[in-house]
Amino acid sequence: MKRVILGAWLGFVLLPILWMVSMSLRTNESILGGFELWPHAPTLANFATIFGDASWRDGYVNSTIYVLANTVLSVSVALPAAYAFSRFNFPGRRAGMMSFLVLQMFPAVATVAPLYVLLSS
């Protein structure tokens, strides 16, 4: 029974990935033509367009720069804060840790949306 449940869950989780790969290997006509789980005539033309076109390349470069800057900034702030929370006793330590844990339980939209509504009014 466990194997059946695990297999069903695995199929449910992997189906969107299979669908994404299947769509990336099709032409536009094949996508609009009808339903197929796997393309009959797979093509890599979509990948050639994405990796060969300069406008797409600029987007990749900009995204990479943004992600690297965000990672360096996040680690440089989070590492000393994590060390301080783990090693030192200071006033507000428990409240700080609880607020951090509570914020981690909610998606970013749920934490930012009320702030946006508050600031926009």
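Residues numbered from 1 in each chain as written. Predicted model: local features only at pLDDT ≥ 70, side-chain atom pairs only at ≥ 80, totals over all residues. Heavy atoms only, no water.

Chemist: How would you sum up the overall build of the protein chain? Please name residues and give values.
Modeler: When its secondary structure is counted, the protein chain shows six helices and zero strands. Scanning the protein chain from its N terminus toward the C terminus, one meets helices and strands in the order α-α-α-α-α-α. Taken against the 2.2 N^0.38 rule, which gives 14 Å for 121 residues, the C-alpha radius of gyration of the protein chain at 23 Å runs more than 25% over that of a compact globule. When the 121 residues of the protein chain are sorted by exposure, 3% land in the buried category. Working note: accessible area of the protein chain is about 10,500 Å², and carbon and sulfur atoms make up 74% of it. Within the protein chain, one finds 7 positive and 4 negative side-chain charges whose respective centroids are separated by 34 Å. (Helix = DSSP H or I, 4+ residues; strand = E, 2+ residues; numbered from the N terminus. Rg over C-alpha atoms; globule rule 2.2 N^0.38 Å. Buried < 20%, exposed > 50% of the residue type's maximum accessible area, 1.4 Å probe, protein only. Areas by Shrake-Rupley, 256 points an atom, 1.4 Å probe, with all protein chains shown as cover. Lys, Arg positive; Asp, Glu negative; His and termini not counted. Charge placed at Lys NZ, Arg CZ, Asp CG, Glu CD.)

Chemist: Lay out the confidence of the model for the protein chain with the relevant residues and their values.
Modeler: The predicted coordinates of low-pLDDT regions are not to be read in fine detail. Residues at a pLDDT of 70 or more form 93% of the protein chain, whose mean pLDDT is 87. Looking over the protein chain, one finds the lowest element-wise mean pLDDT in helix H6 (residues 108-120), namely 69, and the highest in helix H1 (residues 2-24), namely 92. (pLDDT = per-residue confidence, 0-100.)

Chemist: Break down the packing of helix H3 (residues 45-52) against helix H4 (residues 54-87) for me, citing the residues and quoting the values.
Modeler: Running from amino to carboxyl end, H3 crosses H4 at an angle of 65°, the nearest separation of the two axes being 5 Å. Considering their axes alone, H3 and H4 lie roughly perpendicular with respect to each other. Packed against H3, whose contacting residues are Thr49, Ile50, Phe51 and Gly52, the element H4 presents Ala54, Trp56, Arg57 and Tyr60 at the interface. Taken together, the residues that form the contact of H3 with H4 break down as five nonpolar, two polar and one charged. (Axes fitted to C-alpha atoms, helices over the stretch in contact; angles between N-to-C directions. Parallel < 35°, antiparallel > 145°, perpendicular 65-115°, else oblique. Contact = heavy atoms within 4.5 Å. Nonpolar A, V, L, I, M, F, W, Y, C, P; charged D, E, K, R; others polar.)

Chemist: Now, about H1: what can you tell me, with residues and values included?
Modeler: In a regular helix each residue adds 1.5 Å, so 23 residues correspond to 33 Å; H1 covers 33 Å between its end C-alpha atoms and thus fits that length. Where H1 bends most, the angle comes to about 35°, and this point is Leu14, followed within four residues by the proline Pro16. (Expected span 1.5 Å × (residues − 1). Bend = angle between axes of the 7 residues up to and from the residue.)

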